[in-house]
Amino acid sequence: QSSTPEALRVVNLLHERNLLPPSPMPAPTPCLPQDLQKINCNPEVFRSTLTSIPQTQSLLNKAKMPLGLLLHPFKDLSQLPVVTSSTIVRCRSCRTYINPFVSFLDQRRWKCNLCYRVNDVPEEFMYNPVSRSYGEPHKRPEVQNATIEFIAPSEYMLRPPQPAVYLFILDVSHNAVETGYLSVFCQSLLDNINALPGDSRTKVGFITFDSTIHFYNLQEGLSQPQMLIVSDIEDIFLPTPDSLLVNLNECKELVQDLLKSLPNLFEKTMETQSALGSALQAAFKLLSPTGGRMSIFQTQLPNLGVGALQSREDPNQRASAKDIQHLSPATDFYKKLALDCSGQQVAVDLFLLSSQYCDLASLGCISRYSAGSVYYYPSYHHQHNPAQVECFQKDLKRYLTRKIGFEAVMRIRCTKGLSIHTFHGNFFVRSTDLLSLPNVNPDAGFAVQMSIEENLDDMQVVSFQAALLYTSSKGERRIRVHTLCLPVVNSLADIFAGADVQAITGLLACMAVDRSATASLSDARDAMTNAAIDSLTSYRQSVLTIQQPGLLAPACLRLFPLFILALLKQKAFRTGTSTRLDDRLFAMCQLKYQPLVYALLMIHPALYRVDDLTDEGALNVNDRTIPQPKVLQLSVEKLSREAAFLMDAGTVMYLWIGRNCHPNFLTQVLGVPNYAAVPDNLYLLPELDTAESQRTRAFIGWLRDQRPFFPSLHVIRDESQLKPTFMQNMIEDRTESALSYYEFLLHLQQQISK
Ligand SMILES: [Zn+2]
């Protein structure tokens, strides 16, 4: 390269203490010619850890950075071109969809950018439906958009498109009734029943269970729902084959009746047992003929019949330094059932609302291998935990009303020479590059690791294409295709210059979750530290031309040690701090499942001072003024007793109030006369008619609007129970058992100069 790009500017991490940018970091832009870059895939959808792809595996090995892709393939998009043509143009050899990065040899032939085969342009493709002109195939929408959706013809379906089918399985044991979740669930479903994605064919069903399984006959013509109890849980059968899953439109009144009566049906129950395994088997039988979505609501450890689990958590081990036990499943019952479900196009979502250990390591498998998702509300209680109740309500609304795809598969193709070897996320891998997704939802993220099997000699660019084939809730078969194009480079300097530190951190987190289960937590932690040491060593030895003392990093990796330290202190991987096993497992689930942008907030929360918000630099969104305070480093040094700070940790937010916080903030935003009057458990900001209140609420509302789930808000005072949780996120500071950021840098430097 002629001059050093900004990404390679040398940064001495031990000297520069203010490296965190004051506003969210954009994804790096691949080094491509303008015309290609302009048309490239949105990084929120498709992103690579290395935006410049090494030419050979040995070059990649030398760089010591992981090569992989991060995807959010079914993300809600404000604009999506949809193509309806009778022929979908694909390479005859590798089946790649025609895309903006193919080349046209002439008007009639195009060269595949993944396998290089020359293909004919079909006659139909010569006509451009957008410009209504003929003879300009390169102007077709398929070659003008990196993200596009096709309506698939009949050869893309193995059977007629399935209807939307929703089955709800509800724990009604004594413990479940105590939490009071049933009334929130039922009310939420009543409120959103007409917004469930689907059409006139949509079906619903309900199962409740304790030590027995209860089905509900909702057949049209009945005057009220009929409960059918199966008590032989060892040999589950369906008491009536037809009327358990019913057409929502035809039986809406009965369904509504059931939802209104359910919360009271079990009020006085004495049942303490939970036969979840049998309930799931029953649900599987019910959904097998059509496929669909199974939603389980569980509040305790299943303790009866098949799939029963033991409490494996040793509370004394919670803080042990290394080798936390029981990170992998105790039984393969839930995995096997998930694979059966996957084979019948059934996905299972798990809502866990419990205050006791539930063995999420085992239970979580039911969602992981069926492309479902896990929701977790520890210590859920309708009275004692209002913040969780609000969170559950908001999550349910999103869950019930967001779009959904059924009977889906996703394939990720890459240019010849590149190969995917490991996948991360919730799915079942059917063949080497085909992911089976019984359901696909717009909030799921995926990651893959790649290797370079054949040298990419003579190639300027390579491409990656993800194709998601699914049945829409309206019964249409559709294919959403994303194509990403990246340059190939043959020097270590260029590889480093293209490193995407956020994507690398996200991928390393996924790899560390796997490592924790297959090896041990200490192995996973060592691997993350080594990733920082090895890449910076490689940079020092192979890229830096002038040697100088200090801990040196290229500007693009200046936050790498900080993010690794944050990962080591994240709930999933931390040691030395008491961490409940299920809390840890859930953090691991989230790191694998969340799209990158949300996973990053879980890893390194954003901290803002909010008692002095101004309109300066504010955004204007829908006629609202949204203040944009600076992002601060996660250190107690940044806090001030005279101020208030908001910490956004992705799924949760904390509003920390300093003891001597300016009275103006207390009265104008919190609506209290003084610090002592700030209530415990405050989770809602009052809607005060003051400029300060409006600014604060506008900012928090704007942060929430940008994600599909609802982060709860906790106001933290010195006396608050949650104060330690807030303080644990101050990852730059030293704790009893963990290094400060500065100590961590010294440790890295020591290892690198060895
Ligand atoms: Zn091809």
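Residues numbered from 1 in each chain as written. Predicted model: local features only at pLDDT ≥ 70, side-chain atom pairs only at ≥ 80, totals over all residues. Heavy atoms only, no water.

Peer 1: Pulling in residues and values, what's your account of the overall build of the protein chain?
Peer 2: When you go through the protein chain residue by residue, the secondary structure sums to 20 helices and 33 strands. Relative to the 2.2 N^0.38 estimate, which gives 27 Å for 754 residues, the radius of gyration of the protein chain is 27 Å and therefore close to what a compact globule would have. Across the 754 residues in the protein chain, those meeting the buried criterion constitute 60%. Considering only contacts in the protein chain between residues 6 or more positions apart, those separated by 24 or more positions represent 75%. Here the protein chain displays about 30600 Å² of accessible surface, and carbon together with sulfur accounts for 48% of that area. Of the side-chain charges in the protein chain, 68 are positive and 72 negative, and the distance between the mean point of each set is 5 Å. (Helix = DSSP H or I, 4+ residues; strand = E, 2+ residues; numbered from the N terminus. Rg over C-alpha atoms; globule rule 2.2 N^0.38 Å. Buried < 20%, exposed > 50% of the residue type's maximum accessible area, 1.4 Å probe, protein only. Contact = heavy atoms within 4.5 Å. Areas by Shrake-Rupley, 256 points an atom, 1.4 Å probe, with all protein chains shown as cover. Lys, Arg positive; Asp, Glu negative; His and termini not counted. Charge placed at Lys NZ, Arg CZ, Asp CG, Glu CD.)

Peer 1: An account of the pattern of salt bridges is requested, with residue identities and associated values reported.
Peer 2: Throughout the structure, instances matching the rule amount to 34 salt bridges. Of the charged contacts in the structure, one is a salt bridge between lysine 336 and aspartate 332, with a shortest N-O distance of 3.7 Å. Lysine 336 sits in the exposed class, given a relative accessible area of 51%. Between arginine 717 and glutamate 719 there is a salt bridge; the shortest N-O distance is 3.8 Å. Under the relative-accessibility criterion, glutamate 719 is labelled partly exposed at 45%. One connected set of salt bridges, linked through shared partners, spans Arg659, Asp680, Arg717, Asp718, Glu719 and Lys723. (Salt bridge = Lys/Arg side-chain N within 4 Å of Asp/Glu carboxyl O.)

Peer 1: With reference to specific residues and values, describe a nonpolar patch on the surface.
Peer 2: A cluster of nonpolar side chains, contributed by Met227, Ile229 and Leu265, occupies part of the molecular surface with about 260 Å² of accessible area. Relative to the helices and strands, leucine 265 is located in helix H5 (residues 252–265). (Patch = residues over 30% accessible without salt bridge, like charges linked within 9 Å, V, L, I, M, F, W, Y side chains within 5 Å.)

Peer 1: Give a detailed account of the coordination of the zinc ion, specifying residues and quantitative values.
Peer 2: Around the zinc ion, the protein contributes the donor atoms Cys91 (SG), Cys94 (SG), Cys112 (SG) and Cys115 (SG), which lie 2.2 to 2.3 Å from the metal centre. Geometry at the zinc ion is tetrahedral, judged from its four donor atoms and the angles of 100 to 116° they form at the metal. When its relative accessible area of 0% is taken as the criterion, cysteine 91 is described as buried. (Donors = N, O, S within 2.8 Å, 3.2 Å for Na, K, Ca; no water. Tetrahedral: all angles 85-135°; square planar, octahedral: opposite > 155°, others 65-115°.)

Peer 1: Kindly report on the pairing of strand S31 (residues 644–648), identifying the contributing residues and their values.
Peer 2: Each regular strand shows side chains that alternate between the opposite faces of the sheet. Within S31, five of the five residues are buried, which leaves the element mostly enclosed by the surrounding structure. Covered by surrounding structure in S31 are Ala644, Leu646 and Asp648 together with Phe645 and Met647, the residues of both alternating faces. In terms of strand pairing, strand S28 (residues 606–609) meets S31 through four bridges, oriented antiparallel. If you follow arginine 609 over to S31, its bridge partner there is phenylalanine 645. As paired strands, S31 and strand S32 (residues 652–657) are joined by five bridges and run antiparallel to one another. By the bridge assignment for S32, methionine 647 is matched with tyrosine 654. If you look at the hairpin formed by S31 and S32, you'll find three residues sitting between the two strands, and glycine 650 has a positive phi there, around 90°. (Pairing = 2+ DSSP bridges.)

Peer 1: Run through the side chain of asparagine 113, naming residues and quoting values.
Peer 2: With respect to the helices and strands, asparagine 113 occurs in the loop between strand S7 (109–111) and strand S8 (118–120). By relative accessible area, asparagine 113 is classed as buried at 8%. The contact partners of asparagine 113, leaving out residues within four places of it in the chain, are Thr96, Asn99, Phe101, Val102, Thr415 and Ser463.

Peer 1: Lay out the sheet that holds strand S6 (residues 103–106) in plain terms, naming residues and giving numbers.
Peer 2: The strand order S6-S7-S8 describes an open sheet built from three strands, whose pairing is antiparallel. Looking at the sheet topology across the chains shown, the edges are occupied by S6 and S8. Averaged over all adjacent pairs, the angle separating strand axes in this sheet is 35°, with direction ignored. As paired strands, S6 and S7 are joined by three bridges and run antiparallel to one another. Note on S7: the bridge partner recorded for phenylalanine 104 is tryptophan 110. (Axes fitted to C-alpha atoms, helices over the stretch in contact; angles between N-to-C directions.)

Peer 1: If you had to explain the environment of proline 24 to someone new, which residues and values would you point to?
Peer 2: Within the fold, proline 24 resides in the loop between strand S1 (10–12) and helix H1 (34–39). For proline 24, a relative accessible area of 66% puts it in the exposed group. It is 45 Å that separates the C-alpha atoms of proline 24 and aspartate 120, two residues lying 96 residues apart in sequence.

Peer 1: Give me the lowdown on the packing of aromatic side chains, citing residues and values where you can.
Peer 2: Two aromatic rings, taken as a pair, are described by how far apart their centres are and by the angle between their planes. Considering all chains together, one arrives at 27 aromatic pairs under this definition. A centroid spacing of 6.1 Å and a plane angle of 10° characterise the contact between tyrosine 181 and phenylalanine 297, whose relative ring orientation is stacked. Note that tyrosine 181 is positioned in helix H4 (residues 181–192) and phenylalanine 297 in strand S17 (residues 292–298), a separation of 116 residues in sequence. Relative accessible area serves as the criterion here: at 0%, tyrosine 181 is assigned to the buried category. The class of phenylalanine 297 is buried, set by a relative accessible area of 0%. (Phe/Tyr/Trp six-rings, centres within 6.5 Å; stacked < 30°, edge-to-face > 60°.)

Peer 1: Pulling in residues and values, what's your account of the nonpolar core?
Peer 2: If you look at the biggest cluster of nonpolar residues, it comprises 190 residues, and the most contacted ones within it are Met294, Phe464, Phe573, Leu646, Leu655, Ile657 and Leu670. Setting aside residues up to four positions removed in sequence, phenylalanine 573 forms contacts with Ala509, Ala512, Val513, Ser516, Leu521, Arg525, Met528, Leu567, Leu568, Arg584, Met588 and Leu591. Ranked by size, the runner-up nonpolar core spans 42 residues in total, among them Phe185, Leu254, Val255 and Tyr377. (Core = buried A, V, L, I, M, F, W, Y, C linked by side-chain atoms within 4.5 Å.)

Peer 1: Can you tell me about the packing of helix H13 (residues 521–542) against helix H14 (residues 560–569), naming the residues and giving the values?
Peer 2: Between H13 and H14, the shortest axis-to-axis distance is 10 Å and the interhelical angle comes to 175°. Looking at the two axes, H13 sits roughly antiparallel to H14. Of the residues in H14, those in contact with Arg525, Met528, Thr529, Ala531, Ala532, Ser535 and Leu536 of H13 are Phe560, Pro561, Ile564, Leu567 and Leu568. (Parallel < 35°, antiparallel > 145°, perpendicular 65-115°, else oblique.)

Peer 1: How would you explain the packing of helix H15 (residues 581–593) against helix H16 (residues 596–603) if you had to name every residue and give the values?
Peer 2: Relative placement of two packed helices is described by the angle separating their axes and the distance separating the axes. As a packed pair, H15 and H16 sit with axes 8 Å apart at the nearest point and diverge in direction by 145°. Residue-level contacts link Ala587, Gln590 and Leu591 of H15 to Ala599, Met602 and Ile603 of H16. Grouping the constituent residues of the contact of H15 with H16 by class yields five nonpolar, one polar and no charged. (Nonpolar A, V, L, I, M, F, W, Y, C, P; charged D, E, K, R; others polar.)

Peer 1: Any chance you could break down the side chain of arginine 90 for me, citing the residues and the numbers?
Peer 2: Within the secondary structure, arginine 90 is located in the loop between strand S5 (82–83) and S6. Although arginine 90 is buried, it forms no salt bridge, and the closest oppositely charged side chain is glutamate 155 at an N-O distance of 7.9 Å. There is a polar contact of 2.9 Å between the side chain of arginine 90 and the backbone oxygen of arginine 95. Of note is the side chain of arginine 90, whose polar atom sits 3.0 Å from the side chain of tyrosine 156. Beyond its immediate stretch of four places on either side in the chain, arginine 90 contacts Arg95, Thr96, Tyr97, Trp110, Asn119, Tyr156 and Arg413. (Polar contact = N/O pair within 3.5 Å; in protein donor to acceptor, adjacent residues only side chain to side chain.)

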